[in-house]
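# Geometric and topological summary
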Amino acid sequence: MTIDWNAFTPWAALAGGVLIGLAAALYLLANGRIAGIAGVVGMAWHALRKGQGVKGQGERWWFIGGLMLAPWLWQLVKPLPAAQMVASPALIAIAGVLVGVGVRMGNGCTSGHGVCGLSRLSVRSLANVLSFMGAGFVTVALLRHVL
């Protein structure tokens, strides 16, 4: 493995990490809830399906809106990196379904377990993070070096 030193941006990564941690902490302090994206989106979607609309889901919809608005705000500062699709749409769809199943089985996603759970020293979150990171490492190793 080699590092592309021209693309290495430690200050931008540090700033992003600080902003994610700050947002997660503020969400927890303001709402008493974990800022897990799967939970936020899932509960908002569930309310829509039940015909409740946005009633009682305001903070979730603001959170989702912030996620959607962030790339456009970033473009005011710096151009977005070029998107590069290296897999077929069918493979991307299968991967999305597998991630969704994993999120349901693990009772949360990387933001919930990785950012919020680990910061709370949750053993369940540690087990989940080790599982999905390990599965990711094995998948990349298989796809790049075996198959």
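Scroll up to find the structure this text is about.
Residues numbered from 1 in each chain as written. Predicted model: local features only at pLDDT ≥ 70, side-chain atom pairs only at ≥ 80, totals over all residues. Heavy atoms only, no water.

### Section: the overall build of the protein chain
Counting its secondary structure elements, the protein chain contains six helices and zero strands. Reading the protein chain from its N end, one meets helices and strands in the order α-α-α-α-α-α. The C-alpha extent of the protein chain, read off along each of the three principal axes, is 50 × 35 × 35 Å. Per-residue burial for the protein chain yields a buried fraction of 15% across its 147 residues. Entry remark: accessible area of the protein chain is about 11,500 Å², with carbon and sulfur atoms responsible for 72%. (Helix = DSSP H or I, 4+ residues; strand = E, 2+ residues; numbered from the N terminus. Buried < 20%, exposed > 50% of the residue type's maximum accessible area, 1.4 Å probe, protein only. Areas by Shrake-Rupley, 256 points an atom, 1.4 Å probe, with all protein chains shown as cover.)

### Looking at the nonpolar core
Among the nonpolar cores identified, the biggest contains eight residues, and these are Ala24, Tyr27, Ala35, Val40, Ala44, Phe63, Ile64 and Cys116. Elements supplying a minimum of two residues to this core: helix H1 (10–31), helix H2 (37–49) and helix H3 (58–75). Those residues in contact with Ala35 that lie beyond four places of it in its chain are Ala24, Tyr27, Phe63, Ser111 and Cys116. (Core = buried A, V, L, I, M, F, W, Y, C linked by side-chain atoms within 4.5 Å. Contact = heavy atoms within 4.5 Å.)

### Some details on the side chain of His113
Following the sequence through the fold, His113 ends up in helix H5 (residues 110–119). Of the polar contacts made by the side chain of His113, one reaches the side chain of Ser125; its length is 2.9 Å. When residues no more than four places from it in sequence are discounted, the contact partners of His113 are Gly106, Asn107, Gly108, Leu118, Arg124, Ser125, Asn128, Val129 and Phe132. (Polar contact = N/O pair within 3.5 Å; in protein donor to acceptor, adjacent residues only side chain to side chain.)

### What to know about the environment of Asn128
Along the chain, Asn128 turns up in helix H6 (residues 123–146). Put simply, Asn128 and Gly117 are eleven residues apart on the chain and 9.6 Å apart in space, counted from C-alpha to C-alpha. Residues within four places of Asn128 in sequence aside, it is in contact with Gly106 and His113. Looking at Asn128, its side chain comes within polar contact range of the main-chain oxygen of Gly106, at 3.5 Å.

### Observations regarding the packing of H2 against H3
The contact between H2 and H3 brings their axes to 9 Å, and the two run at 120°. The angle between H2 and H3 falls in the class oblique. The interaxial crossing formed by H2 with H3 has left-handed handedness. The residues of H3 that touch H2, namely those facing Ile37, Gly39, Val40, Val41, Met43, Ala44 and Leu48, are Arg60, Trp61, Phe63, Ile64 and Leu67. (Axes fitted to C-alpha atoms, helices over the stretch in contact; angles between N-to-C directions. Parallel < 35°, antiparallel > 145°, perpendicular 65-115°, else oblique. Left-handed = near helix turned anticlockwise from the far one by under 90°.)

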